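Next come the chains, spelled out residue by residue.
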Amino acid sequence: MKLARRLQAIKPSPTLALNSRAKALAAQGVDVVVLAAGEPDFDTPDYVKQAAVDAIKAGFTKYTATPGIPELREAICRKLERDNGLRFTPEQVLVTAGGKQAIYNFCQAVLDEGDEVLIFSPYWVSYPDMVRLAGATPVIVATREEDGFAPDPDAIRRALTPRTRAIIINSPGNPTGAVYSRAALEGIAAAVRDHDCLIISDDIYEKLVYTGERLGLSDVAPDLVPRIVVVNGMSKAYSMTGWRMGYAAGPRPVIAAMQLVQDQSTSNASSIGQKAALAALQGPPDTIAAMAAEYHARRDFFVGGLNALDGVRCRMPEGAFYALADVRGLYGRPYKGKAITDSMQLSEILLDDFRVAAVPGDPFGAEGYIRMSFATSRAVLAKGLTRLGEMVQALR
Ligand SMILES: Cc1ncc(COP(=O)(O)O)c(C=O)c1O
C-alpha cells in the first residue's frame, strides 16, 4: 500500500512503543517495573474531576469555539501573568488537545519545506518528527552534561542560518531534567536576538522544579517576548495526561495561523476537558506543591540509588521527573556472550531478562544514556533499583 512520502522520515515514538510492550507483558501477568512512562502516577485531583462531572451533567457537551471557551482563555492569561509575568490577551491563546498538539499546530502553521528548527539534544523525541511532518528540517545542537545540558551560545550561532524559523527551548527538560540557569538563558537570548526567528518555550514541566529557581526566557529577555510562543498544559502539573488539555500563547498572527490548522483538523479541545482545565487553573496551588514535594523525595531516593550502581552514573536533575543515567560504564561488559554496545540493547536486556522498562537514550539524541521516570511509587522505584542492581551484577 502506498503511504505518504512525508511519513517515511518519521519514527514511531519509542517511549510509547516500549510502554505498550511493558503494558502487554503486565497484562499477561508478568511483574514489570515500568519506568518508561512520561506521566505522573498520581490521580487527577478530585476538584478537577468534579468540574468535568458537573460539565457533563449540565449538558456542556457540544462543540465550543476552536480556540477554547472564553473563561478558560482568560484563566490562562491570568496564569501566564501570575506565574510567568507575561501579558497576553485571550485572542493570543489557543486551547489544544495537549501541549503536543500546540507544538504540532505551530509546526504546520509556521514551517515550509527547507525551513529549519533548532532543537537542543538530548531532546524530547517528538520535536524532530513534528518538524519533519511539516516538511521542514530539524537542526540538532548538542549540549553537554558538563554544562548542565544547557546549549553553548556559540554552537547556537553556528547552527543558525537564514532558513532558521524557530528554536525550541524546554526547561525543565525531557529527558534531561535540566533547568536552565539565568546565565544559560541569557546566552540563548544573546545568540538568537539578532536572528529573525520564533522561539517555542515548552514550559510543560515548569511546576516540577526541585533545585534552584526556574526562569523562562522571557524573564531574562523581555525584548524577545514578541517572538515567544509559550506551550504548556495540564498533563504534568495536574496529573491530567489522559484528558489531553494544553495551550499555546504567543504573537497573534502565529496563534491565528495555529487556530486555522486546528479549525480544519480537530476543532476545539474537548468541552468537558476545558471545564476541567479551568478548574485545575483556578484550584489551590498546594495540590501541585504536594505532588512536586513527593517527586522531589523520589528523585533523591532514586538518583541516589542509581549512583550506587557500579558502571552507572546519574546527574541529579533539577526538575521534571526523569533520571537520565549514563550507562557507558556498562558498555563493553559481556552479557550472554555478547558485549554491551548501546542503549537500545541495554533497554532490551533490562525489559526481557530483568523486567524493568526503561527508555534507551538513542531516540532522544542521548546515546550512552537510558531514561527512567521517577513518577511512580517509592516501592516501585526500590524494586527497579534492585533489578537494575541484578543486571549490573550479571554484567560482571
Ligand atoms: C517536553 C514535552 N513537551 C510536551 C509534552 C506534551 O505533553 P501533553 O501533550 O500531554 O501536554 C511532553 C509529554 O511527554 C513533553 O515531555
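The structure displayed is predicted, hence computed values, not measured ones.

**Q** Give a description of the site of the ligand that names residues and reports values.
**A** Taken together, 13 residues surround the ligand, and among them Gly99, Asp202, Ser235, Lys236 and Arg244 come closest. Between the ligand and lysine 100 there is a distance of 3.0 Å, counted from an oxygen atom to a backbone nitrogen or oxygen. For the ligand, an oxygen atom lies 2.7 Å from a polar atom in the side chain of tyrosine 205. When isolated, the ligand has an accessible area of 400 Å², and the protein chains bury 93% of it. Here the ligand is seated within the largest pocket. Element by element, the count of residues in the shell around the ligand is highest for helix α4 (residues 98–110), at three residues. Considered class by class, the residues forming the shell around the ligand number four nonpolar, five polar and four charged.

**Q** I'd like to hear about the pattern of salt bridges, residue by residue, with values.
**A** Oppositely charged side chains are able to pair whenever their charged atoms sit close together. Per the counting criterion, the structure on display carries 29 salt bridges. Arginine 378 is the partner of glutamate 294 in a salt bridge, and the nearest nitrogen-oxygen pair spans 2.8 Å. Within this pair, whereas glutamate 294 is found in helix α11 (residues 286–307), its partner arginine 378 is found in helix α13 (residues 378–394), the two being separated by 84 residues in sequence. Residues lysine 336 and aspartate 353 are paired through a salt bridge, measuring 2.8 Å at the closest nitrogen-oxygen approach. A residue pair is termed long-range when its members are at least 10 positions apart, and lysine 336 in the loop between β11 (334–335) and β12 (338–339) and aspartate 353 in helix α12 (residues 343–354) qualify at 17 residues. What you see here is one network of salt bridges that share partners, running through Lys79, Arg82, Asp83, Asp203, Glu206, Lys207 and Arg214.

**Q** Pulling in residues and values, what's your account of unusual backbone geometry?
**A** Looking along the chain, the bond that leaves serine 121 and enters proline 122 is cis, with omega of -5 degrees. With respect to the secondary-structure elements, proline 122 resides in the loop between β3 (116–121) and α5 (126–133). In this structure, serine 239 takes a positive phi of about 55 degrees despite not being glycine. With respect to the element layout, serine 239 can be found in the loop between β7 (228–233) and β8 (246–249). The exposure class of serine 239 is buried, given its relative accessible area of 5%. Its identity as a non-glycine residue notwithstanding, serine 267 has a phi of 60 degrees, on the positive side. Structurally, serine 267 can be placed in the loop between α9 (252–263) and α10 (271–282).

**Q** How would you explain the environment of lysine 338 if you had to name every residue and give the values?
**A** Counting through the fold element by element, lysine 338 comes out in strand β12. For lysine 338, a relative accessible area of 57% translates into the label exposed. Setting aside chain neighbours within four positions, we find lysine 338 in contact with Arg333 and Gln345.

**Q** Just give me the short version of the pairing of β8, but keep the residues and values in it.
**A** Along β8, one buried face is formed by Gly246 and Ala248 and the opposite face, lined by Tyr247 and Ala249, is buried too. Relative to β8, strand β2 (residues 93–96) is paired through four bridges, and the arrangement is antiparallel. From the neighbouring strand, valine 93 faces β8, where its bridge partner is alanine 249. Sheet analysis places β7 next to β8, joined by four bridges and oriented antiparallel. Paired with valine 230 across the bridge in β8 is alanine 249.

**Q** Please provide a residue-by-residue account of the packing of aromatic side chains, values included.
**A** For the coordinates displayed, the defined rule picks out nine aromatic pairs. Look at tyrosine 205 and phenylalanine 321: their rings are 5.6 Å apart centre to centre, the planes differ by 90 degrees, and that puts the pair in the edge-to-face class. A residue pair is termed long-range when its members are at least 10 positions apart, and tyrosine 205 in the loop between β6 (198–202) and α8 (217–220) and phenylalanine 321 in the loop between β9 (313–314) and β10 (322–326) qualify at 116 residues. For phenylalanine 321, a relative accessible area of 0% translates into the label buried. In textbook terms, an aromatic cluster arises when at least three aromatic residues are bridged by ring pairs, as seen for Phe42, Tyr205, Tyr295, Phe321 and Tyr322. When the ring centre of phenylalanine 60 is taken as origin, the NZ or CZ atom of lysine 275, which lies over that ring, is 4.5 Å away.

**Q** Residues and numbers for the domain arrangement of the protein, please.
**A** Partitioning the protein into structural domains gives domain 1 (5–43 + 287–394) and domain 2 (63–282). Centre-to-centre separation of domain 1 and domain 2, based on C-alpha positions: 26 Å. Across the boundary between the two partners, domain 1 contributes 36 residues, which contact 31 residues of domain 2. For the domain 1 and domain 2 pair, buried surface summed over both sides reaches about 2900 Å², with 59% attributable to carbon and sulfur atoms. The salt bridge partner of arginine 313 is glutamate 145, with a shortest N-O separation of 3.1 Å. Summed over the shared surface of domain 1 and domain 2, the result is 16 residue pairs in polar contact (both at pLDDT 80 or more). Secondary-structure elements contributing two or more residues to the side of domain 1 that touches domain 2 are α1 (14–27), α11, β10 and β15 (369–373). Looking at which element gives the most residues to the side of domain 1 that touches domain 2, the answer is α11, with six residues.

**Q** So what's going on with the nonpolar core? Residues and values would help.
**A** One recurring pattern in soluble globular proteins is that nonpolar side chains are buried together. Ranked by internal contacts, the top residues of the largest apolar core, which has 53 residues, are Leu72, Ile167, Ile169, Leu217 and Met234. Sorting elements by how many residues they give to this core places helix α7 (residues 182–192) first, with six residues. If we skip the residues at most four places from it in the chain, leucine 72 touches Val95, Met245, Gln274, Ala277, Leu278 and Leu281. Within the second largest apolar cluster, 41 residues are counted, among which are Leu18, Ile119, Ala134 and Ala178.

What counts as what
Residues numbered from 1 in each chain as written. Predicted model: local features only at pLDDT ≥ 70, side-chain atom pairs only at ≥ 80, totals over all residues. Heavy atoms only, no water. Near = heavy atom within 4 Å. Polar contact = N/O pair within 3.5 Å; in protein donor to acceptor, adjacent residues only side chain to side chain. Areas by Shrake-Rupley, 256 points an atom, 1.4 Å probe, with all protein chains shown as cover. 1 Å grid on protein atoms, 1.4 Å probe; cavity = no way out; pocket = protein on both sides within 12 Å on 5 of 7 lines; lining within 4 Å. Sits in = over half its atoms within 2 Å of the grid points. Helix = DSSP H or I, 4+ residues; strand = E, 2+ residues; numbered from the N terminus. Nonpolar A, V, L, I, M, F, W, Y, C, P; charged D, E, K, R; others polar. Salt bridge = Lys/Arg side-chain N within 4 Å of Asp/Glu carboxyl O. Buried < 20%, exposed > 50% of the residue type's maximum accessible area, 1.4 Å probe, protein only. Contact = heavy atoms within 4.5 Å. Pairing = 2+ DSSP bridges. Phe/Tyr/Trp six-rings, centres within 6.5 Å; stacked < 30°, edge-to-face > 60°. Lys NZ or Arg CZ within 6 Å of the ring centre and 35° of its normal. Domains from an automatic or database assignment. Buried area = accessible area lost by both parts, 1.4 Å probe. Core = buried A, V, L, I, M, F, W, Y, C linked by side-chain atoms within 4.5 Å.

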